[in-house]
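Okay, here's what each chain looks like letter by letter:
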Amino acid sequence: MRKEDCFYLGKIVSQYSFKGEVLVKLDTDEPEIYETMESVFVALRNNLVPFFISKCRLHKSQLLRIDFEDVNSEDDANKIMGSELYLPLSFLPELTGNKFYFHEVIGFQVFDDIHGNIGTIQSINDTTSQALFEIKKGDKQVLIPVNDNIITKVDRKNKTIHVTTPEGLVELYIN
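None of the values given here were measured: they were computed from a predicted structure.

Participant: Is there a simple way to think about the overall build of the protein in this case?
Facilitator: Of regular secondary structure, the protein possesses 2 helices and 12 strands. Along its sequence from the N terminus, the protein presents helices and strands in the succession β-β-β-β-β-α-β-β-β-β-β-β-β-α. For the protein, the C-alpha radius of gyration of 20 Å lies well beyond 16 Å, the compact-globule estimate for 175 residues. Dimensions of the protein, computed from C-alpha atoms along their principal axes, come out at roughly 60 × 30 × 25 Å. Per-residue burial for the protein yields a buried fraction of 41% across its 175 residues. Accessible surface, the protein as shown: approximately 10,400 Å² in total, 47% of it carbon and sulfur. For the protein, the distance from the average site of its 19 positive side-chain charges to the average site of its 27 negative ones is 2 Å.

Participant: Would you explain the pattern of salt bridges in this entry?
Facilitator: In a structure, side chains of opposite charge can pair up when their charged atoms sit close to one another. By the definition in use, this model includes 6 salt bridges. Between Glu-104 and Arg-156 there is a salt bridge, and its shortest N-O distance comes to 3.1 Å. Taken together, the residues Glu-104 in the loop between β6 (84-88) and β7 (109-112) and Arg-156 in the loop between β11 (151-155) and β12 (160-163) connect sequence positions 52 residues apart. Given a relative accessible area of 25%, Glu-104 falls into the partly exposed group. One continuous salt-bridge network, built from bridges that share partners, spans Arg-2, Glu-4 and Asp-5.

Participant: Mind showing me how you'd approach the pairing of strand β3 (residues 39-44) here?
Facilitator: Put simply, side chains in a regular strand alternate between the two faces of the sheet. When you tally the buried positions in β3, you get 5 out of 6 residues, the bulk of the element. The sheet contact formed by β3 and strand β4 (residues 47-59) spans 6 bridges and is antiparallel. Considered in β4, the bridge of Phe-41 is made with Pro-50. In sequence, β3 turns back onto β4 through a hairpin of 2 residues, with Arg-45 there showing a positive phi of about 50°.

Participant: Could you clarify how one ought to interpret the sheet that holds strand β1 (residues 6-15) in this entry?
Facilitator: What links the strands of a sheet is backbone hydrogen bonding, and the strands pair in either a parallel or an antiparallel sense. The antiparallel closed barrel is built from 6 strands, whose spatial order is β1-β2-β5-β4-β3-β6. Averaged over neighbouring strand pairs, the angle between their axes works out to 45° when direction is ignored. Here 4 bridges tie strand β2 (residues 22-26) to strand β5 (residues 63-68), and the two strands are oriented antiparallel to one another. What sits directly across from Lys-25, in β5, is Leu-63.

Participant: Got a minute to help me understand the layout of surface pockets in this structure?
Facilitator: Leftover empty space is mapped by rolling, across the atoms, a probe with the size of a water molecule. Computed from the structure, the largest pocket encloses a volume of approximately 1,100 Å³. Asp-29, Leu-95, Phe-100, Tyr-101 and Phe-102 are, among the 26 residues lining the largest pocket, the residues nearest its centre. Here the element with the most residues in the lining of the largest pocket is β1; it accounts for 3 residues.

Here is what the cut-offs are and how they apply
Residue positions are counted from 1 within each chain, in the order its sequence is given. In keeping with the predicted nature of the model, local features appear solely for residues at pLDDT of at least 70, side-chain atom pairs appear and are counted solely at 80 or more, and the whole-chain, interface and lining totals rest on all residues. As a rule here, side-chain values come from all non-hydrogen atoms in the structure, and water together with hydrogens is ignored. Under the scheme used here, helices are H or I runs from DSSP no shorter than 4 residues and strands are E runs no shorter than 2 residues, and both carry numbers assigned from the N terminus. C-alpha atoms define the radius of gyration in this analysis, and the globule rule sets the expected value at 2.2 Å times the number of residues to the power 0.38. Exposure classes here rest on a 1.4 Å probe applied to the protein chains alone. A residue is buried below 20% of its type maximum, exposed above 50%, and partly exposed in between. Areas reported here follow the Shrake-Rupley algorithm with a probe of radius 1.4 Å; residue values treat only the protein chains shown as occluding. Asp and Glu count as negative and Lys and Arg as positive, but His and the ends of the chain are not part of the count. By convention, the point assigned to a charge is CZ for Arg, NZ for Lys, CD for Glu and CG for Asp. Put simply, a salt bridge is a Lys or Arg side-chain nitrogen that is within 4 Å of an Asp or Glu carboxyl oxygen. Between any two strands, pairing holds if DSSP finds at least two bridges. Only the contacting stretch of a helix is used when fitting its axis, a line to C-alpha atoms as for every element, and angles between N-to-C directions run 0 to 180 degrees. Cavities and pockets were defined on a 1 Å grid built from protein atoms only: a cavity is a group of points that admits a 1.4 Å probe but offers it no way out, a pocket is an open group of points flanked by protein on both sides within 12 Å along at least five of seven lines, and a lining residue is one with an atom within 4 Å of any such point. Grid points are joined across faces, edges and corners, and a volume is the space filled by probe spheres set on the points.

Below, the structure is given as structure tokens:
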């Protein structure tokens, strides 16, 4: 399995018991849907290695307590400590309406109410305090906040996103 075919689920942040159980900080709004997992890919030495799960349950709000089949001691748990967990993209629940996963809108055209087609989404920068669409329009880059107040329509069939940008924002980039 390649990382490009997977989504980031979370990271192993600590041990839970001397029997090798670990706590995973999840990167999700719905942690409860991952309580029934049977396996997960663990990133080890630039490879995704499948690990099978004996028991999995929520621990507090965004933590998942996992008992892996072949992790039976503190020493075993230490070997995977800090590792990232991944699942195949096909495991993501399907979103509808104006909700979307960042990876699914790459390549979509963005249409503004005033300016029309303002370009193609090249990537989404989520390292800032607010995620940004990185849009390419000719040789220029346009940055638009990923925000429910700006996004008016996501059309998966036609691979377009319609936005209503604040006055002056698009002009900063294309004029």
